[in-house]
Amino acid sequence: MQRYFIPPEQFGEQQVQVTGEDARHITKVMRGKPGDKFIVSDGQGRVVLAELSLLEPEGVTAVILETIEDTSEPRIKVDIAQSLPKGDKMETVIQKCTEIGAAAFVPFLSERTIVQYDERKEEKRIARWSKIAKEAAEQAHRSRIPDVGQPVKWKKLLELFDGYDLVCMCYEKELGEQLRDIVQPFAASLGPEVSSRVLVVVGPEGGFTEEEVAEAEAAGAKSVGLGRRILRTETAGMAALTCILYETGEMGGV
C-alpha cells in the first residue's frame, strides 16, 4: 500500500491534509479517487491508515480510519557520519542507508575530503538530500524520516561523540579489532527494552589520516576494520550499518 509522509501540523484528530508533490502524486500518478486507501506518517512515528475523501486543486483530504502500530523502526538508533564524497555519492549513501534503517546522517569535512565546501550552495544540497531520505523512507515503509544535518568540521564531529553509546570509526588500516569484535559484546549487553545510539564514522575517498584516527580514539571512538577487502566510501557505511542492525537483532540476527 502506498505510503506518504506529511508534516505533523497537517494531521487532525479525524483527518489529514496532503499537499504539494504528494498530493500531485495521489491525483496524477496514482489517479486517486474517493474511497482509495493509503498509509500516512508524520515522519516522527505516528502512522495511520487513511481513506481519500476529497480532491481539490490545493490538495487532498483523507479520513483517518485507524492508527497503525509502528514496527518498522529499529530499536537501536544508528547514525551515519559521512565525510563528504565526490559527485553524487552522498545521495547514494543517504538513499541506501535510509532503506536499511539509518536514524540520521552527519556529513562532515576531514583532512582528505576532496569536495570543496560552499556554504552558499549548502541549503539546496541539504534540501535535495532530505528529499532523497524522505522518498527512500517511503519506499522502505518506514515511519520516520532520517534527519540530514548540516556539514560539520572534524573538530565539531569529535565533540558529538559524547552523545552516543558506541562510536565505530571505519578504518581500512585497522588490523586489530574488527567491527564484529566490537558490536557483538555491545549487542549482548543490550536489554530487550534498551534503546541505544550508535555512530558509524566513514572517511573520504582517501581515508583518514593517522592523526585523525588518534584524535577520534581519544574522543571515545573505536577504530574498526570491515574485513579483508577495501570498501569504497559510499559502501562502507551501508556495510557497517547492516552488520550492526543484524547483530542487534534487527535483521533476523540474535
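Residues numbered from 1 in each chain as written. Predicted model: local features only at pLDDT ≥ 70, side-chain atom pairs only at ≥ 80, totals over all residues. Heavy atoms only, no water.

- In the annotation of an unreviewed UniProt entry, the chain is listed under the name Ribosomal RNA small subunit methyltransferase E and assigned to Paenibacillus physcomitrellae.
- The Subcellular location (unreviewed entry) comment attached to the chain in UniProt states, word for word, "Cytoplasm".
- For the chain, the Function (unreviewed entry) comment in UniProt is given as "Specifically methylates the N3 position of the uracil ring of uridine 1498 (m3U1498) in 16S rRNA. Acts on the fully assembled 30S ribosomal subunit." (UniProt positions renumbered as here; feature names shortened; annotations may be inferred.)

### Some thoughts on the overall build of the chain
Here is step 1: From N to C terminus, the chain includes seven helices and twelve strands.
Here is step 2: In terms of C-alpha radius of gyration, the chain reaches 20 Å, essentially the compact-globule figure of 18 Å for 254 residues.
Here is step 3: Taking the principal axes of its C-alpha atoms as reference, the chain extends roughly 60 × 45 × 30 Å.
Here is step 4: Burial analysis of the chain (254 residues in total) assigns 48% to the buried set.
Here is step 5: In the chain, the proportion of contacts linking residues at least 24 apart, taken out of those at least 6 apart, comes to 74%.
Here is step 6: With 32 positive and 42 negative side-chain charges, the chain shows a spacing of 5 Å between the two charge centroids. (Helix = DSSP H or I, 4+ residues; strand = E, 2+ residues; numbered from the N terminus. Rg over C-alpha atoms; globule rule 2.2 N^0.38 Å. Buried < 20%, exposed > 50% of the residue type's maximum accessible area, 1.4 Å probe, protein only. Contact = heavy atoms within 4.5 Å. Lys, Arg positive; Asp, Glu negative; His and termini not counted. Charge placed at Lys NZ, Arg CZ, Asp CG, Glu CD.)

### Observations regarding the packing of aromatic side chains
Here is step 1: One pass over the full model with this rule turns up four aromatic pairs.
Here is step 2: Look at Phe108 and Trp154: their rings are 5.9 Å apart centre to centre, the planes differ by 45°, and that puts the pair in the tilted class. Separated by 46 residues along the polypeptide, Phe108 in strand 7 (residues 104–109) and Trp154 in helix 4 (residues 154–160) bring together distant segments of the chain. Residue Phe108 shares its accessibility class with Trp154, and that shared class is buried.
Here is step 3: Within the aromatic cluster, the residues linked to one another by ring pairs are Phe108, Trp154 and Phe208. (Phe/Tyr/Trp six-rings, centres within 6.5 Å; stacked < 30°, edge-to-face > 60°.)

### Details of helix 5 (residues 179–188)
Here is step 1: Inspection of helix 5 places Leu179, Ile182, Val183, Phe186 and Ala187 among the buried residues, and these make up the whole buried set. Projected down its long axis, helix 5 carries its buried residues within an arc of 120°, all on one side. The exposed set on the far side of helix 5, more than 90 degrees from its buried face, consists of Arg180 and Ala188.
Here is step 2: Against the buried residues of helix 5 lie strand 10 (166–170), strand 11 (197–202), strand 12 (222–224) and helix 7 (233–247). (Arc of directions from axis to C-beta.)

### Looking at the pattern of salt bridges
Here is step 1: Enumeration over the complete set of coordinates arrives at 14 salt bridges.
Here is step 2: A salt bridge links Lys33 to Asp36; the shortest N-O distance between them is 3.5 Å.
Here is step 3: Between Glu51 and Lys37 there is a salt bridge; the shortest N-O distance is 3.3 Å. Of the two residues, Glu51 sits in strand 4 (residues 47–56) while Lys37 sits in strand 3 (residues 37–41), which places them 14 residues apart along the sequence.
Here is step 4: One network of salt bridges, in which partners are shared, links Asp22, Lys134 and Glu138. (Salt bridge = Lys/Arg side-chain N within 4 Å of Asp/Glu carboxyl O.)

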